[in-house]
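Each chain, letter by letter, is given below.
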Amino acid sequence: MKPTKSKLFPLLLLSASISMATMSYAETQVQAGNNIAVAQTQAGKVQGYVQNGVITYKGMPYATAERFMPPQKVANWQGEKLALTYGEVCPQVPMGGRSFFFTGPEMTEGESCLNLNVWSPSVSDGKKRAVMVWIHGGGFQSGASNDLDSYDGANLARTGDVVVVSVNHRLNAMGFLDLSAYGEQYKNSANLGMQDLVASLEWVKENIAQFGGDPNNVTIFGESGGGAKVLTLMAMPSAKGLFHKAVVQSGAVEKMGMTLTSQKVSHRVAELTLANLGVKSTALDKLNKFTPAQINEAATKANLQTAKELGLTDLYNRNTALSWAPTLDGSIIPQQPVGEKYPEIAKDIPLLIGSNLTEWESFPLQMDLQNSQKSNRFTWTESETMDRLKAKYGNKTDEIVAAFREAYPNRMIADALYVDSFLRTPALKTARLKADQQGAPVYNYIFSWDTPVFNSVPMSYHTSEIAFVFNNIERMAQATGGGKDAQALADKMSRAWTNFAKTGNPNAEGLPQWDAYTRENGKVMIFDNQPEVKPHHDEKLQRLLAPNYNF
């Protein structure tokens, strides 16, 4: 792990007990040492540190688990466990390289990875703050609670007066390999990663009051794969009552989060994984002789083999592929999270859901900055722009351009090349099914702010909204530019998220009136330098871009 760049200034207290309500931290940025930031959990005491007035705990164990077994409570410990640095992250299957816009700390992988982090404005002033539990992205195969610098919860806790929690959980084959056909002890192995998340929420319920949080006011929020996990948790009976509101950022996808893997598929993947490893079904204990990397190599091969056998395609329905996802097993997850109707058990959970304007469509531009900074929408002639539009949209070009002008009258026509429908239309479908329940409200948004970095070439790419939600504009200046416009929008967005966490309503100072979404009103908040709310503003455009998707 990278060492912190901040200097530590020990502060000796006369009392053995800490009283955060009466302590002043204005003199120094960081305080750490005996009797500072000590909190009691059900398993034992933990010692964190204070930075810029935010009390921080990192790498706290919320559960433990043997390989391919469900999570269990951690054993009690004596004394104070240091919670000063991020813990191990769960073994990864890489999803691709990083660009200039992604910054984050070095991470240590290991199987002792069921840990979480907490940021709190106070642990003993008597207030019961709303709790926001962040679930990281990376699909169901990679990622971590500290994967990106934008995930740091200190600024959100400070400016929003909330308690922020971020969580690690098992991934890929280590968290989702379905061995249920090989013995009762493995009956729930297909969804271990999701059971880990439930265990983390149980930890929050049992312990968060000791960190200044209200266990009866918990919001789960996540982006991309994290959003998919949020949707999945909303369909899990074991998670009911552990959270009270939900936010899905760019995470509603068919075959991952909205709909899940069938047992026919997950059983075949497991069968082929064992064959690839040379492990007999009667000797699964031999799996312990392999490293996670070796198991994942065999399982990745099995995923492709299964996809070829059963004619499965990737999330875009283009290429033969099978991604890691939870399994619809009839017990841990008894129904599709977002099938043809929304789960009844989630009827009373308010939902905030949305996506970014360009998402993955503009992503290739930042992966090839050498060329895209020289040839882009700002350098093309009108003729070159139209040629590119016709090459992409063919005989639909005129209709799509007209619909784009109607939806986004202040944007360049070239921007129509990059409008996302892959995540936008599932978000609309999910919002509509949720609204149809006529239970708790659902709010819909689009993030359309273009980064000024590299002359705005990457636009509003996948993950770009996270720094605004966490109010981490300066921390992520390499991606946001760190300017006043970005900070002004972050102040509004982070306030909307924390207001939603506190009350179930995201309306916030500086934003226009944001009504709950219904099929009839089609209200969507468009987050940009000048946020605005519009009804059905992009429906015509989305139906042209995704004519075969029923939303």
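Definitions and cut-offs
- Residues numbered from 1 in each chain as written.
- Predicted model: local features only at pLDDT ≥ 70, side-chain atom pairs only at ≥ 80, totals over all residues.
- Heavy atoms only, no water.
- Domains from an automatic or database assignment.
- Contact = heavy atoms within 4.5 Å.
- Buried area = accessible area lost by both parts, 1.4 Å probe.
- Salt bridge = Lys/Arg side-chain N within 4 Å of Asp/Glu carboxyl O.
- 1 Å grid on protein atoms, 1.4 Å probe; cavity = no way out; pocket = protein on both sides within 12 Å on 5 of 7 lines; lining within 4 Å.
- Points joined across faces, edges and corners; volume = space filled by probe spheres on them.
- Helix = DSSP H or I, 4+ residues; strand = E, 2+ residues; numbered from the N terminus.
- Nonpolar A, V, L, I, M, F, W, Y, C, P; charged D, E, K, R; others polar.
- pLDDT = per-residue confidence, 0-100.
- Disulfide = S-S within 2.5 Å.
- Buried < 20%, exposed > 50% of the residue type's maximum accessible area, 1.4 Å probe, protein only.
- Pairing = 2+ DSSP bridges.
- Axes fitted to C-alpha atoms, helices over the stretch in contact; angles between N-to-C directions.

Points about the domain arrangement of the protein chain
Inference 1: Examined at the domain level, the protein chain breaks down into domain 1 (31–260 + 328–349) and domain 2 (354–545).
Inference 2: Computed over C-alpha atoms, the centres of domain 1 and domain 2 are 27 Å apart.
Inference 3: Contact residues are listed per partner, giving 50 residues for domain 1 and 47 residues for domain 2.
Inference 4: Of the roughly 3900 Å² buried at the junction of domain 1 and domain 2 (both faces included), carbon and sulfur atoms supply 62%.
Inference 5: At the junction of domain 1 and domain 2, the tally comes to 2 salt bridges.
Inference 6: Between R475 and D152 there is a salt bridge, with the nearest N and O atoms lying 3.6 Å from each other.

So, empty space enclosed by the protein
To find leftover empty space, a probe the size of one water molecule is rolled over the atoms.
Inference 1: This model, assessed by the stated rule, comprises 5 cavities of 30 Å³ or more.
Inference 2: One number sums up the size of the largest cavity: a volume of about 110 Å³.
Inference 3: Lining the largest cavity we find 15 residues, and of these Y461, T463, S464, M476 and A479 sit closest to its centre.
Inference 4: Residue assignment for the lining of the largest cavity shows that the elements contributing at least two residues are α12 (466–469) and α13 (477–480).
Inference 5: Residue classes in the lining of the largest cavity are distributed as 9 nonpolar, 6 polar and no charged.
Inference 6: Two domains each provide a minimum of three residues to the lining of the largest cavity, namely domain 1 (31–260 + 328–349) and domain 2 (354–545).

Side note on the confidence of the model for the protein chain
Inference 1: For the protein chain, mean pLDDT is 94; residues scoring 70 or higher make up 95% of the total.
Inference 2: A low-confidence stretch, residues 1–27 (pLDDT under 50), is modelled with 43 contacts involving residues beyond four sequence positions or located in other chains.

As for the state of the cysteines
Inference 1: Counting across every chain of the model gives 1 disulfide.
Inference 2: Disulfide partner of C90: C113, at an S-S distance of 2.1 Å. Measuring handedness by torsion sign, the sulfur bridge of C90 and C113 sits at about 95 degrees and is right-handed. Of this pair, C90 sits in the loop between β6 (80–82) and β7 (115–120) while C113 is found in the loop between β6 and β7, placing the two residues 23 residues apart along the sequence. Here the two residues C90 and C113 agree in accessibility, since each one is buried.

Brief notes about the sheet that holds strand β2 (residues 38–40)
Inference 1: Taken together, the 3 strands give an open sheet; going across it, the order is β2-β3-β6, and neighbouring strands pair in mixed fashion. Each end of this open sheet is capped by a strand with a single partner; those strands are β2 and β6. Here the average twist between neighbouring strands, direction ignored, is 30 degrees.
Inference 2: In this sheet, β6 lies alongside strand β3 (residues 45–47) in parallel orientation, the contact comprising 3 bridges. The partner of K45 across the bridge, within β6, is E80.

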